[in-house]
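Residues per chain, in single letters:
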Amino acid sequence: MSPTSSRGMWSSRAGFILAAAGSAVGLGNIWGFPTQVGQGGGATFVVIYLACIFLICAPIMAGEIAIGRRTGLSPVGAFSALAPGRRWWLLGALGVLAGVGILSFYSVIAGWAVAYVWFTATGAVSGSPDDIGRFFAEFTGSGLISAFLAILVIGITAGVLLGGVRAGIERVTKLLMPLLALLLVALAVRAVTLPGAGEGLAYYLRPDLSRLADVGVFTSALGQAFFSLSLGMGCILTYGSYLSRQDGIAASALWIVALDTSIALLAGFIIFPVGFSIAGFDPTASGPGLIFTVLPRLFAEMPGGHLFGGAFFLLLSVAALTSTISLLEVPVSHCVDALGWTREKAVAAVAGAISVLAIPSALGNGAVGVFTSLPGLGMGFLDLMVTVWNEVALPVGGLLTAIFVGRIWGVDRALEELRAEGRWMPVPELWSFLLRWVCPAAIAMILVAALAALF
Ligand code: PHE
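Definitions and limits used
For every chain, the first residue of its written sequence is number 1, and the numbers climb from 1 along that sequence. Local features in a predicted model are, by the rule used here, given only for residues with pLDDT of at least 70; side-chain atom pairs are given and counted only at 80 or more, and totals for whole chains, interfaces and linings are based on all residues. Values shown for side chains rest on all heavy atoms present in the structure; no hydrogens or waters enter the calculation. We call a residue near a molecule or strand as soon as one heavy atom of that residue lies within 4 Å of the molecule or strand. Between N or O atoms, a polar contact is any pair within 3.5 Å; within protein, one atom must be a potential hydrogen donor and the other a potential acceptor, and residues adjacent in sequence are included only when both atoms are from side chains. Here the Shrake-Rupley method, with its probe set to 1.4 Å, supplies the accessible areas, and only the displayed protein chains count as covering residues. Here a cavity means grid points, on a 1 Å grid over the protein atoms only, where a 1.4 Å probe fits yet cannot get out; a pocket means an open set of points with protein on both sides within 12 Å along at least five of seven lines; lining residues are those with an atom within 4 Å of a point. Each molecule is assigned to a cavity or pocket provided more than half of its atoms lie within 2 Å of the corresponding grid points. Note on method: axes are straight lines fitted to C-alpha atoms, helices fitted across the in-contact stretch only, with angles between N-to-C directions ranging 0 to 180 degrees. Only runs of H or I of at least four residues qualify as helices and only runs of E of at least two qualify as strands under DSSP, and these elements are numbered from the N terminus. Here a crossing is taken to be left-handed if its near helix is turned anticlockwise relative to the far helix by less than a right angle, and right-handed if that turn runs clockwise. Only heavy atoms matter for contacts: two residues are in contact if any of them lie within 4.5 Å across the pair. Three classes are used: nonpolar for Ala, Val, Leu, Ile, Met, Phe, Trp, Tyr, Cys and Pro, charged for Asp, Glu, Lys and Arg, and polar for all others, with Gly counted as polar. The salt bridge definition used is simple: a Lys or Arg side-chain nitrogen within 4 Å of an Asp or Glu carboxyl oxygen. Buried residues are those whose accessible area, probed at 1.4 Å on protein chains only, stays under 20% of the maximum for their type, while exposed residues exceed 50% and partly exposed ones sit between those limits. Grid points are joined across faces, edges and corners, and a volume is the space filled by probe spheres set on the points.

Q: Can you lay out the site of the ligand for me, pointing to particular residues and giving the numbers?
A: Around the ligand sit 15 residues in total, of which Ala24, Gly28, Tyr106, Phe227 and Ser230 are the nearest. The backbone of Leu27 places a nitrogen or oxygen atom 3.1 Å from an oxygen atom of the ligand. Separating an oxygen atom of the ligand from a backbone N or O atom of Gly28 is a distance of 2.8 Å. Look at the ligand: alone it shows 320 Å² of surface, and the protein chains cover 100% of it. Under a 2 Å grid-point criterion requiring more than half of the atoms, the pocket assigned to the ligand is the largest cavity.

Q: Residues and numbers for the packing of helix 3 (residues 43-71) against helix 17 (residues 381-418), please.
A: Relative placement of two packed helices is described by the angle separating their axes and the distance separating the axes. Closest axis-to-axis distance for the helix 3/helix 17 pair is 9 Å, and the angle between their directions is 65°. Handedness of the helix 3/helix 17 crossing: left-handed. Contacts between helix 3 and helix 17 involve Ile60, Ala62, Gly63, Glu64, Ala66, Ile67, Arg69 and Arg70 on the former and, on the latter, Gly398, Thr401, Ala402, Phe404, Val405, Trp409, Glu416, Glu417 and Leu418. Its residues placed into classes, the contact of helix 3 with helix 17 shows 9 nonpolar, 3 polar and 5 charged.

Q: Summarise the pattern of salt bridges; cite the residues concerned and give the values.
A: Following the criterion strictly, the structure yields 8 salt bridges and no others. Among the ionic pairs, Glu417 bridges to Arg69, the shortest N-O distance being 2.8 Å. Taken together, the residues span a long stretch of sequence, with Glu417 in helix 17 and Arg69 in helix 3 at a distance of 348 residues. Taking the relative accessible area as the measure of exposure, Glu417 reaches 1% and is therefore buried. For Arg69, a relative accessible area of 8% corresponds to the buried category. A salt bridge links Arg70 to Glu417; its shortest N-O distance comes to 2.8 Å. A residue pair is termed long-range when its members are at least 10 positions apart, and Arg70 in helix 3 and Glu417 in helix 17 qualify at 347 residues.

Q: So what about the environment of Gly127? Which residues, and what values?
A: With respect to the secondary-structure elements, Gly127 resides in the loop between helix 5 (89-122) and helix 6 (129-141). The sequence separation of Gly127 and Glu416 amounts to 289 residues, and the corresponding C-alpha distance is 59 Å. With residues up to four places along the chain from it excluded, the contact list for Gly127 reads Ile132 and Arg297.

Q: Which residues make up the layout of surface pockets, and what values go with them?
A: Considering only enclosed or pocket space, the largest pocket measures out at about 790 Å³ in volume. Lining the largest pocket are 29 residues, with Gly216, Thr219, Met379, Thr387 and Glu391 positioned closest to its centre. Going through the elements one at a time, helix 2 (27-39), helix 10 (215-228), helix 17 and helix 18 (428-454) are the ones with two or more residues in the lining of the largest pocket. Top element by residues in the lining of the largest pocket is helix 17. It accounts for 8 residues. Looking at the second largest pocket, its volume works out to about 460 Å³. Lining the second largest pocket are 24 residues, and of these Ala285, Ser286, Gly287, Gly289 and Thr293 sit closest to its centre. Counting only elements with at least two residues in the lining of the second largest pocket, the list comes to helix 6, helix 13 (290-301) and helix 17. In terms of residue count, helix 6 provides more of the lining of the second largest pocket than any other element does, 4 residues in total.

This is the structure we're talking about:
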């Protein structure tokens with residue numbers, strides 16, 4: 001399919017699932033998930049994350065796909081078509097902003113992944129854990145290279161949206177995603193057999209119930225769940241608008257959730273055993289550098305490690321690219337549909353704006369003091385972006401989407417869409433109960449508790 005000026009259709013349900021899974025699987029799974037588990041205290045985070053995925057996000061995902069398919073429009077148009085004359089289109093606009101904001105920091109991390117293809121394949125990053133850590137600090141501390149790489153990633157993404165090579169990318173992804181999964185399994189097998197891996201597994205799998213008192217763990221787990229599934233910002237909605245009525249929504253949603261969650265869990269089975277095999281490892285202290293400082297350690301231990309390392313970061317870069325494409329698509333299709341811009345103009349303007357916004361995230365890892373530690377906030381610019389977009393904007397978007405489907409458009413109409421052409425829709429009562437009551441209540445409680453904890 002090619003969502004250019006004329007609206008296309010996915011060739012099959014598998015085509016939709018692969019493209020949506022391509023959007024979902026990315027840095028969120030392999031970089032974001034382990035980083036958040038590390039900061040959230042291990043297994044407790046994992047349990048809350050899984051609860052958010054299955055009780056909150058999966059029902060919302062079916063709702064987003066249903067809105068997209070019913071209207072065949074991008075988010076702003078879709079919400080105004082289903083609630084004419086009301087302000088629900090603002091929810092679509094929030095998604096457009098989230099696309100811009102998320103891509104601005106996502107491109108920085110993706111740029112690091114691209115650089116690490118070279119660094120690991122050539123052996124530039126090697127030596128003791130201290131050497132590897134110092135290498136990362138020096139590399140990211142030179143903000144100009146990070147900024148250049150981020151803009152390169154944005155440029156490549158823009159080129160893909162304009163160049164009509166998108167269908168080709170999706171075809172290649174069909175091959176590379178299973179390869180990434182296989183490589184992750186192989187790395188996990190190596191990682192859990194390292195000396196000292198047991199401590200890492202215990203950290204990852206044995207919940208520490210005292211952490212349940214920390215509302216920060218809930219906000220980051222909820223935000224991470226939305227981020228990882230590309231949910232709450234109209235991205236899945238847009239992809240759903242290309243889905244044919246012959247294809248089941250519930251089954252598709254469950255497939256995407258299952259694929260995305262398995263890849264994230266798998267990443268944890270690599271990072272923590274390797275991390276804890278390093279003396280003095282502190283998962284809370286690593287921040288966004290966790291995978292870049294821990295994984296090279298594993299590659300150094302493995303026969304053929306350069307090859308494995310290069311392949312790993314290459315596949316990660318490709319996974320990131322299919323996510324950046326979907327992130328850029330939301331604001332671009334909005335400018336085309338709502339503002340009447342040409343696709344070229346929209347891509348150039350949006351990519352340009354995102355490039356500017358990427359700079360403080362790129363310079364905030366040691367290069368420029370104010371961006372590294374924002375005065376009065378105790379965090380860097382990149383962390384601020386993660387907090388604002390992942391932990392606030394996406395859950396708010398998800399909350400409003402649940403309310404919209406459950407109470408404005410109405411579960412009955414949504415269910416009609418879910419069951420179109422007699423497709424499989426298991427336990428519709430459970431779905432509507434989760435969507436109407438559990439999703440809004442749980443998200444609202446977490447957001448309110450987080451707000452209260454600020455004061
Ligand atoms: N889900 C993607 C990832 O895990 C990131 C993303 C978020 C993509 C929101 C699109 C929309 O890497």
